[in-house]
Structure formats: C-alpha cells, structure tokens
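This is what each chain is made of:
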Amino acid sequence: MLKAILFAVLFVVIGAVAFGLLAPLLFQGADFRKLGAAAFPVILFVCGGAGFFFGLSRGKKR
C-alpha cells in the first residue's frame, strides 16, 4: 500500500510539472493563474489515481 501511495505522489508531481511546461505551448494567450487553478484538481485526481493503481498493480506481481 505504501508503494501505491508513493507512486501516486510521484505521478502527481510529474503531471504538475508536465502541465506547467506544456500549458504555455497549448494555451497561448490564456490567464495561466485561472487555468492552473482549474487544472489542479484534475491533475491531482487523474494523475494521482493513475499512479495509485499503477502502484497497486506493481505490488501484486511478485
């Protein structure tokens, strides 16, 4: 279970960094403060959930 939580945290960090680097390229002329505020919960749940389930699947393959 600890491995799954660590993967979730890792995926959230990677997702936030990737969004921060790709947002200026994809959303030119947008207000990045509002865009980031709207995207944060989505990044948290989508990337965190994917990382959690990835960590669970990696733990069961022993």
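Above this text you will find the structure in question.
Residues numbered from 1 in each chain as written. Predicted model: local features only at pLDDT ≥ 70, side-chain atom pairs only at ≥ 80, totals over all residues. Heavy atoms only, no water.

Peer 1: Got a minute to help me understand the overall build of the protein chain in this structure?
Peer 2: Of the regular secondary structure elements, the protein chain holds two helices and zero strands. In terms of overall dimensions, the protein chain has a C-alpha envelope of 50 × 15 × 10 Å along the principal axes. Taking all 62 residues of the protein chain together, 18% fall into the buried category. Taking the intrachain contacts of the protein chain between residues at least 6 apart in sequence as the baseline, contacts between residues at least 24 apart amount to 79%. Here the protein chain displays about 4900 Å² of accessible surface, and carbon together with sulfur accounts for 75% of that area. (Helix = DSSP H or I, 4+ residues; strand = E, 2+ residues; numbered from the N terminus. Buried < 20%, exposed > 50% of the residue type's maximum accessible area, 1.4 Å probe, protein only. Contact = heavy atoms within 4.5 Å. Areas by Shrake-Rupley, 256 points an atom, 1.4 Å probe, with all protein chains shown as cover.)

Peer 1: Even after reading the chapter, I still don't get helix H1 (residues 2-26), so can you show me in this structure?
Peer 2: Structural remark: α-helix, 3.6 residues per turn; residues separated by three or four positions point the same way. Taking 1.5 Å per residue as the helical rise, H1 with its 25 residues ought to reach 36 Å, and the 35 Å between its terminal C-alpha atoms agrees with that figure. Of all the bends found along H1, the most pronounced is centred on Gly20 and spans about 30 degrees, while Pro24, a proline, follows it within four residues. Within H1, burial applies to Ala4, Phe7, Ala8, Val12, Gly15 and Ala23. (Expected span 1.5 Å × (residues − 1). Bend = angle between axes of the 7 residues up to and from the residue.)

Peer 1: Help me understand a nonpolar patch on the surface in this model?
Peer 2: Residues Met1, Ile5, Val9, Val13, Val17, Leu21, Leu22, Leu25, Leu26, Phe27 and Phe32 make up a contiguous nonpolar surface patch of roughly 1100 Å² in combined accessible area. Element by element, the count of residues in the nonpolar patch is highest for H1, at eight residues. Within the fold, Leu25 resides in helix H1. Given a relative accessible area of 60%, Leu25 falls into the exposed group. (Patch = residues over 30% accessible without salt bridge, like charges linked within 9 Å, V, L, I, M, F, W, Y side chains within 5 Å. Salt bridge = Lys/Arg side-chain N within 4 Å of Asp/Glu carboxyl O.)

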